[in-house]
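Remarks on the overall topology
Here is how the chains run, residue by residue.
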Amino acid sequence: MNILAIDTSTYVMGVAILRDGVPAGEMRTHLKKNHSIRLMPAIRALFEEVDMKPAELDRIVVSEGPGSYTGVRIGVTTAKTMAWALNRPVIGVSSMEMLAQNGRYFNGVISPFYDARRGQVFTGLYRSMSNGIIRESEDLITLHDGWLKALKEQGEPVLCVSPDMEKHKELIQQELGDLAIIGTEIDALPSPLELARIGMRKDVVTTAHEFSPNYLRLAEAEAKWLEKIKDEKKR
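Okay, so let's go over this structure. (Residues numbered from 1 in each chain as written. Predicted model: local features only at pLDDT ≥ 70, side-chain atom pairs only at ≥ 80, totals over all residues. Heavy atoms only, no water.)

**Some remarks on the sheet that holds strand β3 (residues 22-29)**
Picture the strands of a sheet paired through backbone hydrogen bonds; they go either parallel or antiparallel. Stated precisely, the cut-off is as follows: Here, a strand pair is defined by DSSP locating no fewer than two bridges between the strands. A run of H or I in DSSP counts as a helix once it spans at least four residues, and a run of E counts as a strand once it spans at least two, with each numbered from the N terminus. Lines fitted to C-alpha atoms define the axes here, with helix axes fitted over just the stretch in contact, and angles between the N-to-C directions of these axes take values from 0 to 180 degrees. The criterion used for residue contact is that any of the two residues' heavy atoms lie within 4.5 Å.
The strand order across the open sheet built from 5 strands is β3-β2-β1-β4-β5, with neighbouring strands paired in mixed fashion. Whereas interior strands pair on both sides, the edge strands pair on one side only; in this sheet they are β3 and β5 (90-94). The average undirected angle you get between the axes of adjacent strands in this sheet is 20 degrees. Here strand β2 (residues 13-19) runs beside β3; their pairing, made up of 7 bridges, is antiparallel. When the sheet's bridge partners are listed, Met13 is paired in β3 with Thr29. Packed onto the sheet, helix α2 (residues 69-86) meets β1 (3-7), β4 (59-65) and β5 and runs at close to 160 degrees relative to β4. The sheet contacts of helix α6 (residues 192-201) involve β1, β2, β3, β4 and β5, and relative to β2 the element is tilted by about 50 degrees.

**Considerations on the nonpolar core**
Soluble globular proteins tend to pack their nonpolar side chains together in the buried interior. What counts here: Throughout, nonpolar core names a set of buried Ala, Val, Leu, Ile, Met, Phe, Trp, Tyr and Cys residues whose side chains join them through atoms within 4.5 Å. Burial classes: relative accessible area under 20% of the type maximum marks a residue as buried, over 50% as exposed, and values in between as partly exposed (1.4 Å probe, protein chains only).
Residues Leu4, Ile6, Ile43 and Phe47 are the most contacted members of the largest nonpolar core, which totals 25 residues. Elements that contribute at least two residues to this core include exactly β1, β2, α1 (39-49), β4 and α2. It is α2 that contributes the most residues to this core, 6 residues altogether. Ignoring anything within four residues of it in the chain, the contact list for Leu4 reads Ala16, Ile17, Ile43, Phe47, Leu57, Arg59, Ile60, Val61 and Met82. Counting 22 residues, the second largest nonpolar core, distinct from the first, contains Ile91, Leu99, Ile133 and Leu195.

Given below as structure tokens:
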């Protein structure tokens, strides 16, 4: 199966191509730059590098969120547009499930997370088993200190992985103590090849037109607009 995978759910931008189910190429940057002007050039460059054409794709896999609202939107819009133009399916994969793959050989629970501001994180709970990474909770947005307290009550070692680790490392060590295992800087980065591998195994459940991202919360501007409408109705 030939797959293009796209991840822009954080400041890490990644694209990858599988040819016949085997990694053909990957491009990843860890720079806080505008995804909207860099994503398509990266995709074109990767196709050229691996000597493939978009028409050869069987499906497009994209990180559906949660994560940066703007970042997720850019990746999903690009994936949907390409899928529609090529008449190919688009497959969404949780950004937390993608990041949790970095703990494949960890004996304990895995808590991938992205910073969601105001003390909150996008996160979920995963575990490494012989048949791969399994999900133990739905992805959610929550206050990080409360989430860590709940993890501590389970009494198991917790592998924490995130590109936003520096913002949360002190809190994690404070709340989890010896149960906290902090992933390395490389472990903390989402991999578009892992995204492609997960997406290769998922069934097609929606059309490109119907596919929508999983933001887990409203964009700040939309939330303010709805609050304004609500206040006007009260008057």
